[in-house]
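Observations on chain architecture
For reference, the chains in residue letters:
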Amino acid sequence: MCFGLMTGCEKTAPESFKGTSSHGLLKIAVANYPLAYFVERIGGTEVKVLYEAPSDVDPAFWHPSNAVILNFQSADLIVMNGATYSKWEQKSTLPTAKLLDTSAAFSDSFIIVNDTVSHTHGKQGEHSHQGVAFTTWLDFKQALLQADAIREALQKLRPAQVELFALNFDLLKNDLLGLDNAMRAASDKLMGQPMVASHPVYQYWARQYDINLKSLQWEPEKVPTDDQMEDLKKLLREHPSKWFVWEGEPVEESINKLEAFGVSSVVFSPCANTPEKGNWLTVMKENIDRIEKAALK
């Protein structure tokens, strides 16, 4: 994989992007909140971000309305996560010339998931995580490549603001490298101790930072059933974890059930959707801080 951002990596911005007038905001439609955050950081005052996924759904399994799809079609740029993230994209007609696949530069290292279990959470209905793992940004070096693809596309759309976009990107790059270094340091403190995750969404995080992780299919808002607790008991025999990693804050009864097994809870939010407070960067810093504290216990 190539992490040399300004050199010979595969170009991810389609050559068909046209430079636009310096007047008015660039309308940038995005598939999830991490991408919205990156576009806002890089585009600054030159962009208007169109992100319309409801706050109570996982954008990966969101089904946008016809009106939302029309907004995507009319945008100057459509920023997609890639890695089969947006399931609705295959059933919609989006202008190819405007599409940006931000994970194209590392598509040769996608992780394939063999999970065939269907489950439901939130309003998105039944689904499974089989296929390509899609929470690409939890590997912060991959997130950096996604941000760089956005920088390149914005510079092609508005050449007059090349220096502004480059400066804003460099500031974001420093933050992403800071996250990468901090997560690596926290991982080193874990020293390979086993961990269990509530959901199979941490594949790139586990690979990049050498996290000894196995996943179940639990939901933070639901108390695990007796059968689920039995599954955990069996898993712990071969993977004796002291920590259970949740996507969101679990209910109190779930925490208590785990503690009865000698397992403590820690939240590492993928932050795929807009957080209730803070932003993507602050959420990631809080995630890493919690993992570091867990490693020291």
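Please read all numbers here as calculations on a predicted model, not as lab measurements. (Residues numbered from 1 in each chain as written. Predicted model: local features only at pLDDT ≥ 70, side-chain atom pairs only at ≥ 80, totals over all residues. Heavy atoms only, no water.)

**Considering unusual backbone geometry**
Excluding glycine, residues mostly have negative phi values, and the peptide bonds linking residues are mostly trans. Counted only if it meets this: Here the term buried applies to any residue with accessible area under 20% of the maximum for its type, exposed to any over 50%, and partly exposed to those in between, with areas from a 1.4 Å probe on protein chains only.
One non-glycine residue, Ala 83, lies in the positive phi region at around 60°. Taking the relative accessible area as the measure of exposure, Ala 83 reaches 5% and is therefore buried.

**Some points on the pattern of salt bridges**
To be explicit about the condition: Here, a salt bridge means any side-chain nitrogen of Lys or Arg that lies within 4 Å of a carboxyl oxygen of Asp or Glu. Counting from the N terminus, the helices are the DSSP runs of H or I reaching at least four residues and the strands are the DSSP runs of E reaching at least two.
A complete count under the given rule lists 7 salt bridges for this structure. Taking the shortest distance from any N to any O, the salt bridge between Asp 175 and Arg 41 comes out at 2.9 Å. In this pair, Asp 175 sits in helix α4 (residues 162–190) while Arg 41 sits in helix α1 (residues 33–43), placing the two residues 134 residues apart along the sequence. Classification of Asp 175 as partly exposed rests on a relative accessible area of 24%. Overall, Arg 41 belongs to the partly exposed group, its relative accessible area being 22%. Of the charged contacts, one joins Arg 184 and Asp 210 as a salt bridge, the two residues approaching to 2.9 Å between their closest N and O atoms. Of the two residues, Arg 184 is situated in helix α4 and Asp 210 in the loop between α5 (203–209) and β10 (213–215); the sequence distance between them amounts to 26 residues.

**Topic: the nonpolar core**
Soluble, globular proteins show a tendency: their nonpolar side chains are buried together. The following threshold applies: Residues belong to one nonpolar core when they are buried, are Ala, Val, Leu, Ile, Met, Phe, Trp, Tyr or Cys, and are joined through side-chain atoms within 4.5 Å. Between two residues, a contact is recorded if the distance between any of their heavy atoms is within 4.5 Å.
Counting residues in each nonpolar core, the largest one holds 82 residues, and the members touching the most others are Phe 38, Met 183, Trp 205 and Trp 280. Among the elements that line this core, the one with the most residues is helix α3 (residues 140–157), at 9 residues. With sequence-adjacent residues up to four places away left out, Trp 205 is seen in contact with Leu 138, Asp 139, Met 183, Ile 211, Leu 213, Phe 268 and Ile 291. Within the second largest apolar cluster, 12 residues are counted, among which are Leu 216, Trp 218, Trp 246 and Leu 258.

**Let's talk about the packing of aromatic side chains**
Formally: Aromatic rings from Phe, Tyr and Trp, with only the six-membered ring used for Trp, were paired whenever their centres fell within 6.5 Å, and each pair was classed as stacked if the ring planes differed by under 30 degrees, edge-to-face if by over 60, and tilted otherwise.
One pass over the structure, following the stated rule, counts 17 aromatic pairs. A ring pair is formed by Phe 61 and Phe 134, whose centres lie 5.8 Å apart and whose planes are at 75°; its orientation type is edge-to-face. Pair noted here: Phe 61 is in the loop between β2 (47–50) and α2 (66–74) and Phe 134 is in the loop between β8 (131–132) and α3, with a separation of 73 residues, a long-range link. Taking the relative accessible area as the measure of exposure, Phe 134 reaches 6% and is therefore buried. Three or more aromatic residues link up through ring pairs in this structure, and these residues are Tyr 37, Phe 38, Phe 140, Tyr 209 and Trp 280.

**Remarks on the packing of α4 against helix α8 (residues 280–295)**
Our working rule: For helices, the fitted line uses only the C-alpha atoms of the stretch in contact; every axis is such a line through C-alpha atoms, and the angle between N-to-C directions lies from 0 to 180 degrees. The scheme is simple: roughly parallel for angles under 35 degrees, roughly antiparallel for over 145, roughly perpendicular for 65 to 115, oblique for anything else. Crossing handedness: left-handed means the near helix sits turned counterclockwise from the far one by under a right angle, and right-handed means the same turn made clockwise. We call Asp, Glu, Lys and Arg charged. Ala, Val, Leu, Ile, Met, Phe, Trp, Tyr, Cys and Pro are nonpolar, and the rest, Gly among them, are polar.
Axis separation between α4 and α8 bottoms out at 8 Å; the angle between their running directions is 15°. The pairing of α4 with α8 is recorded here as roughly parallel in orientation. Taken as a pair, α4 and α8 cross one another with a handedness that is left-handed. Contacts from Asp 175, Leu 176, Leu 179, Ala 182, Met 183, Ala 186, Lys 189 and Leu 190 in α4 reach Trp 280, Leu 281, Met 284, Lys 285, Ile 288, Ile 291, Glu 292 and Ala 295 in α8. Tallied by class, residues from the contact of α4 with α8 come to 12 nonpolar, no polar and 4 charged.

**Focus on the sheet that holds β2**
Counted only if it meets this: A pair of strands is considered paired only if DSSP assigns at least 2 bridges between the two.
Ordered by their spatial adjacency, 4 strands build an open sheet running β2-β1-β3-β4, and the pairing between neighbours is parallel. Both edges of this open sheet fall to β2 and β4 (99–101), since each of them pairs with a single strand only. In this sheet, neighbouring strand axes are inclined to one another by 25° on average, regardless of whether the strands run parallel or antiparallel. Packed on one face of the sheet, α2 meets β1 (26–30), β2 and β3 (77–80) and runs near 130° to β1. In the packing of α3 onto the sheet, the strands contacted are β1, β2, β3 and β4, and the crossing angle to β3 comes to about 175°.

**Description of the confidence of the model for the chain**
A low pLDDT means the predicted coordinates there should not be read in detail. For the record, the criterion: Each residue carries a pLDDT score, the predictor's own confidence in it, on a scale running from 0 to 100.
When pLDDT is averaged across the chain, the result is 90; 87% of the residues are at 70 or more. Segment residues 1–13 is flagged for pLDDT under 50; beyond a separation of four residues in sequence, or across chains, it makes 33 contacts in the model. Every residue in residues 116–128 scores below 50 in pLDDT, and together they form 36 contacts with partners more than four places removed in sequence or on other chains.

**Here's the deal with the side chain of Gln 203**
Formally: Whenever a nitrogen or oxygen atom comes within 3.5 Å of another N or O atom, the pair is scored as a polar contact, on the condition that within protein one atom can donate a hydrogen and the other can accept it, and that pairs from neighbouring residues in sequence are kept only if both atoms are in side chains.
Note on placement: Gln 203 falls in helix α5. A distance of 2.8 Å separates the side chain of Gln 203 from the backbone oxygen of Pro 200, its partner in a polar contact. Sequence-distant contacts of Gln 203, defined by excluding residues within four places in its chain, comprise Ile 111, Val 113, Ala 133 and Thr 135.

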